[in-house]
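Per-entry structural report
Here are the chains, one letter per residue:
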Amino acid sequence: MADLDNASKDQDTKDYHLDLPQRTEGFFLKGCGNLDWGMKNRLASVFNPQSGKTVMLAFDHGYFQGPTTGLERVDVSILPLEPHCDTLMVTRGILRSLMPAGTQKSVALRVSGGPSILKELSNEQIAVDIEEAVRCNASALAVQVFVGGEFETQSVINMTKLVDQGQRYNIPVMAVTAVGKELARTPRYFRLATRMCAELGANFIKTYYTEEGFETITACCPVPIVIAGGKKLPEPEALKMCELALKQGAAGVDMGRNIFQSPNPVAMIRAVRSIVHDGETAEKALQMYKDLGGRVS
Ligand code: R5P
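Figured I'd write up the structure that's included with this text. As the structure is a prediction and not an experimental result, all values here were calculated from the model. (Residues numbered from 1 in each chain as written. Predicted model: local features only at pLDDT ≥ 70, side-chain atom pairs only at ≥ 80, totals over all residues. Heavy atoms only, no water.)

1. Overview of the overall build of the chain
We apply this condition: Helix and strand assignments follow DSSP, with helices taken as H or I runs no shorter than four residues and strands as E runs no shorter than two, numbered in order from the N terminus. With C-alpha atoms as the basis for the radius of gyration, the globule rule is written as 2.2 Å multiplied by the number of residues raised to the power 0.38. Exposure categories follow from relative accessible area, calculated using a 1.4 Å probe and restricted to protein chains: below 20% of the type maximum is buried, above 50% is exposed, and the middle band is partly exposed. Accessible surface is estimated by sampling points in the Shrake-Rupley manner with a 1.4 Å probe; for residues, cover comes only from the protein chains shown. The charge count includes Lys and Arg as positive and Asp and Glu as negative, but it does not include His or the ends of the chains. Charged groups are reduced to one reference atom each: NZ for lysine, CZ for arginine, CG for aspartic acid, CD for glutamic acid.
Counting its secondary structure elements, the chain contains 13 helices and 10 strands. On C-alpha atoms alone, the chain measures out to a radius of gyration of 18 Å, which is about the 19 Å that the 2.2 N^0.38 rule sets for 297 residues. Over its C-alpha atoms, taken along the principal directions, the chain stretches across nearly 55 × 45 × 40 Å. Evaluated residue by residue, the chain yields a buried proportion of 52% over its 297 residues. Only carbon and sulfur atoms are counted for the fraction: they give 50% of the accessible area of the chain, which is about 13900 Å². The positive charge centre, built from 32 side chains, and the negative charge centre, built from 34, are 4 Å apart in the chain.

Below you can see the structure in the form of structure tokens.
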């Protein structure tokens, strides 16, 4: 099959035009210029229109992991971080039970789910009605997409159904590219996964940083990319990852464990914020973290 053969060839033969930024007329976010007013307005509550970037705080892990480390008591660990993020990435259960309704932060609502860590994670379904997302005043719908996973097609169709529903109500969809244990976290994989999500309608995409070639992932994805933090790293490494991702085209972070599992989560999110919105270096952000009482773990 000629096309498949071509897809498996070394991606180094491709030209991502890294020196030529994608142009978007009429809006501050890449690839979003042709969207309707309500969609743009919601995106502008997730991404700061001044910096064009976002600090999303991810604490939805319990939807498949239960009370993971740092999220045993969301009221204790997450509420103090709320003032320092732009967007809360959260399940409707935690939103309704613990989040103050007076929050001025936008909500990226986790809307896929089903299997626990005890089962095949890619076997997710849509777990929230679009009307329920409207009731939760969601500014974005977050859905896991398992490209290459056992239930790849099902998860992709979950996303496309949400895109159709989101279009109806002008709620953007954030596709989260999930990586199973069996899949290599390579630029080639993430180029495939992020581009598939964008082509099939996702308005922005959450993916992982790769030490090599991350700029090729952002270059060939026509909509904004935010990075997940992934497993807990020492603070200097996590901050460096943020700096490099932003320099290589990320529009922000959607970070969980590297913030709420830090010895000083408030200092850490403030340090991350300084990189994302103020363009600080990782070194300066680390100094800020320490000045705020943070200990390197
Ligand atoms: C994972 O599926 C969850 O949706 C998390 O929101 C995501 O992994 C980001 O959190 P972390 O920065 O801890 O990787």
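Don't stop here, the text continues.
2. Remarks on the packing of aromatic side chains
Rules: For Phe, Tyr and Trp, where Trp contributes only its six-membered ring, two rings pair if their centres lie within 6.5 Å, and the inter-plane angle classes them as stacked under 30 degrees, edge-to-face over 60, or tilted in between. Placement of a positive charge over a ring is assigned whenever Lys NZ or Arg CZ falls within 6 Å of the ring centre and within 35 degrees of the normal to the ring plane.
The full count for this structure, using the stated rule, is six aromatic pairs. Residues Phe27 and Phe28 carry aromatic rings whose centres are separated by 4.6 Å and whose planes lie at 45° to one another, so their mutual orientation is tilted. Between the aromatic rings of Phe47 and Phe204, the centroid separation amounts to 5.2 Å while the plane-to-plane angle is 80°, which identifies the pairing as edge-to-face. With a gap of 157 residues between them, Phe47 in the loop between helix H2 (37-46) and strand E1 (54-58) and Phe204 in strand E8 (residues 204-207) connect regions that are remote in the sequence. An identical accessibility class is assigned to Phe47 and Phe204; each is buried. What links up through ring pairs into an aromatic cluster is the set Tyr189, Phe190 and Tyr208. The positively charged end of Arg185 is found above the aromatic ring belonging to Tyr208, 4.2 Å away from the centroid.

3. Some words on the layout of surface pockets
Cut-off, in case you're wondering: A 1.4 Å probe that fits but cannot get out identifies a cavity on a 1 Å grid over protein atoms alone, an open set with protein on both sides within 12 Å along at least five of seven lines counts as a pocket, and a residue lines either if it has an atom within 4 Å of a point. Grid points are joined across faces, edges and corners, and a volume is the space filled by probe spheres set on the points. Gly falls in the polar group here, along with every residue not listed as nonpolar (Ala, Val, Leu, Ile, Met, Phe, Trp, Tyr, Cys, Pro) or charged (Asp, Glu, Lys, Arg).
In this structure, the largest pocket occupies an estimated 1200 Å³ of space. As for the largest pocket, its lining consists of 42 residues, of which Val179, Arg185, Tyr208, Gly230 and Arg257 are closest to the centre. For the lining of the largest pocket, the secondary structure elements donating two or more residues are helix H3 (62-65) and helix H10 (235-247). Per-element accounting of the lining of the largest pocket gives the leading share, four residues, to H10. Taken together, the residues of the lining of the largest pocket break down into 17 nonpolar, 10 polar and 15 charged. In this structure, the second largest pocket spans a volume of roughly 540 Å³. Along the walls of the second largest pocket sit 26 residues, with Pro21, Lys30, Thr218, Gly249 and Ala250 positioned nearest its centre. Looking at the lining of the second largest pocket, the elements that each hand over two or more residues are helix H9 (214-219), H10 and helix H12 (265-278). If you tally residues by element for the lining of the second largest pocket, the top one is H9, at three residues.

4. Thoughts on the packing of H10 against helix H13 (residues 282-291)
Test applied: Here, axes are lines fitted to C-alpha atoms. For helices the fit covers the stretch in contact, and angles between N-to-C directions go from 0 to 180 degrees. Should an angle fall under 35 degrees it is taken as roughly parallel, and over 145 as roughly antiparallel, whereas 65 to 115 is taken as roughly perpendicular and any remaining angle as oblique. Helix crossings fall into two classes, left-handed where the near helix is turned counterclockwise from the far one by less than a right angle and right-handed where it is turned clockwise. Throughout, a contact is declared for two residues whenever any of their heavy atoms are within 4.5 Å.
For the pair H10 and H13, the least separation of the axes is 9 Å and the interaxial angle reads 135°. On the basis of the axis angle, H10 is oblique to H13. The two elements H10 and H13 meet at a crossing, and its hand is right-handed. Between H10 and H13, the contacting residues are Glu235, Pro236, Leu239, Lys240 and Glu243 on the first element and Ala282, Glu283, Ala285, Leu286 and Tyr289 on the second. Classifying every residue of the contact of H10 with H13 by side-chain character gives six nonpolar, no polar and four charged.

5. A look at the site of the ligand
Keep this limit in mind: Throughout this document, a residue counts as near a molecule or strand when at least one of its heavy atoms sits within 4 Å of that molecule or strand. Polar contacts, as used here, are pairs of N or O atoms within 3.5 Å; protein pairs need one atom able to donate a hydrogen and one able to accept it. Residues neighboring in sequence count only if both atoms are side-chain atoms.
Looking at the ligand, there are 14 residues lining it, with Asp60, His61, Lys206, Gly256 and Arg257 nearest. A distance of 2.9 Å separates an oxygen atom of the ligand from a polar backbone atom of Gly229. For the ligand, an oxygen atom lies 2.9 Å from a polar atom in the backbone of Gly230. For the ligand, the protein covers 97% of the area, taking 360 Å² as the surface of the free molecule.

6. Regarding the pattern of salt bridges
Our working definition: Any carboxyl oxygen of Asp or Glu within 4 Å of a side-chain nitrogen of Lys or Arg constitutes a salt bridge here.
Evaluated as defined, the whole model comprises 13 salt bridges. Notably, a salt bridge pairs Arg110 with Asp60, separated by 2.9 Å at the nearest N-O pair. With Arg110 in strand E3 (residues 106-110) and Asp60 in the loop between E1 and H3, this pair connects stretches of sequence that are 50 residues apart. Residue Arg110 shares its accessibility class with Asp60, and that shared class is buried. Across the pair Arg96 and Glu132 runs a salt bridge whose closest N-O atoms are separated by 2.5 Å. Taken together, the positions of Arg96 in helix H5 (residues 92-98) and Glu132 in helix H6 (residues 130-135) put the pair 36 residues apart, joining distant regions of the chain. The exposure class of Glu132 is buried, given its relative accessible area of 6%. In this structure, a network of salt bridges that share partners links the residues Arg92, Arg96, Glu132 and Arg135.

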